[in-house]
Amino acid sequence: KFHSLLTNFTVQNYPPAVVIVSPANNSIYEVGSEVIFGSYVQDGDTNGARYNWTLSNGVTSTEANFTVQWNSTGVVNTTLQVFDGISYSTNTSTFFINDTIAPNITAIAYPREVHKEYDGGSMIINVSFFDYSSIADAFFILHNTTIGTCVYDNQYANCSWTIDLYNVSVGNVLFNITVQDNSTYKKIQWNNYSFLLTSCFDGLKNGNEGGIDCGGVCSGTCSSSSSSSSGSGSSSGGGGGGSSSSG
């Protein structure tokens, strides 16, 4: 004889265990950094996990791990949902993007020597800046006096100043470029530079002078003694200097 037995049983699915490993909750990154997104997922059902990352700034991904370069400041809420084919599991974390680095003066161009009469008593200075939080303002400072400002609400800023030098004494002239960003910390960067200012009345042969303070753009005819004397030559480019930053 044969006997049959009817048994009832239930097949259970265990949802995957999900933990966001990176970025760690409440972690802090500097703006411009690459943020790595990764997780630990354990699923005993071996049904194959599907990932769905959602960030509060609109970034999404279906990769298990991925990387994003963060070019703006703020608070970012991260949600990871993992689906194993039957059940969902979700984990969340929050991280912060700060801007604590001062703006960068990326390029500067100006003549290293200016002759008052030959160059028309002025010079042009071109400066380029960069900051992830954008440039709030930039200043040209000569003899502790701000004589030029440049306002840009942009990550990249290009400023050009024409500086009147007729009332500036001849010799080595020091000036300063200062720039401030739009970050929460209002970071400031300043660099010092210099150039040589000459004229028809400095006792030297320079510019297109035929001799010492004579000939060329200077009035008067040069004597044989003055025309045989030599002085400084003319060059262009950019003078170096010190730099500093503050917050």
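The structure we're discussing is the one just above.
The following refers to the structure shown.

Rules and cut-offs
Residues numbered from 1 in each chain as written. Predicted model: local features only at pLDDT ≥ 70, side-chain atom pairs only at ≥ 80, totals over all residues. Heavy atoms only, no water. Pairing = 2+ DSSP bridges. Helix = DSSP H or I, 4+ residues; strand = E, 2+ residues; numbered from the N terminus. Axes fitted to C-alpha atoms, helices over the stretch in contact; angles between N-to-C directions. Buried < 20%, exposed > 50% of the residue type's maximum accessible area, 1.4 Å probe, protein only. Polar contact = N/O pair within 3.5 Å; in protein donor to acceptor, adjacent residues only side chain to side chain. Contact = heavy atoms within 4.5 Å. Phe/Tyr/Trp six-rings, centres within 6.5 Å; stacked < 30°, edge-to-face > 60°.

Focus on the sheet that holds strand S3 (residues 34-42)
Ordered in space as S1-S3-S6, the 3 strands form an open sheet in which the pairing is antiparallel. A strand with exactly one partner marks an edge of an open sheet, and here the two such strands are strand S1 (17-22) and strand S6 (66-69). For this sheet, the mean angle separating the axes of adjacent strands, direction not counted, is 25°. Pairing between S3 and S6: 4 bridges, direction antiparallel. When the sheet's bridge partners are listed, Val35 is paired in S6 with Val68.

Description of the side chain of Asn176
Mapped onto the fold, Asn176 is located in strand S14 (residues 171-181). Judged by its relative accessible area of 10%, Asn176 falls in the buried class. A distance of 3.4 Å separates a polar atom in the side chain of Asn176 from the backbone oxygen of Asn191. Setting aside residues no more than four positions away along its own chain, Asn176 makes contact with Phe139, Phe140, Ile141, Trp190, Asn191 and Asn192.

Some thoughts on the environment of Asn126
Position of Asn126 among the secondary structure elements: in strand S11 (residues 122-142). Sequence-wise, Asn126 and Tyr110 are 16 residues apart; in three dimensions their C-alpha atoms are separated by 6.7 Å. When near neighbours in sequence (up to four residues on either side) are disregarded, Asn126 contacts Ala107, Ile108, Ala109, Cys159 and Ser160. Of note is the side chain of Asn126, whose polar atom sits 2.8 Å from the side chain of Ser160.

Some words on the environment of Tyr110
Positionally, Tyr110 belongs in the loop between strand S9 (104-109) and strand S10 (113-115). Spatially, the C-alpha atom of Tyr110 lies 8.9 Å from that of Val127, the residues being 17 residues apart in sequence. Within the structure, Tyr110 has its side chain in polar contact with the backbone oxygen of Ser194 (distance 2.9 Å).

Focus on the packing of aromatic side chains
Enumeration according to the criterion identifies 16 aromatic pairs in this entry. Ring geometry for Phe37 against Phe66: centres 4.6 Å apart, planes inclined by 5°, an arrangement best described as stacked. Here Phe66 lies in strand S6 and Phe37 lies in strand S3, a separation of 29 residues in the sequence. Grouping residues by exposure puts Phe37 and Phe66 together as buried. Summarising the aromatic geometry, the rings of Phe175 and Phe195 are spaced 6.0 Å apart at their centres and angled 50° between planes, so their arrangement reads as tilted.

Overview of the sheet that holds strand S4 (residues 50-55)
On the basis of which strands lie adjacent, the open sheet formed by 5 strands has the order S2-S8-S7-S4-S5 and mixed pairing. Every other strand in the sheet has two partners, leaving strand S2 (27-30) and strand S5 (60-61) as the edge strands with one partner each. With 6 bridges connecting them, S4 and strand S7 (residues 74-83) associate as antiparallel partners. When the bridges of S7 are listed, Thr54 appears paired with Thr79.

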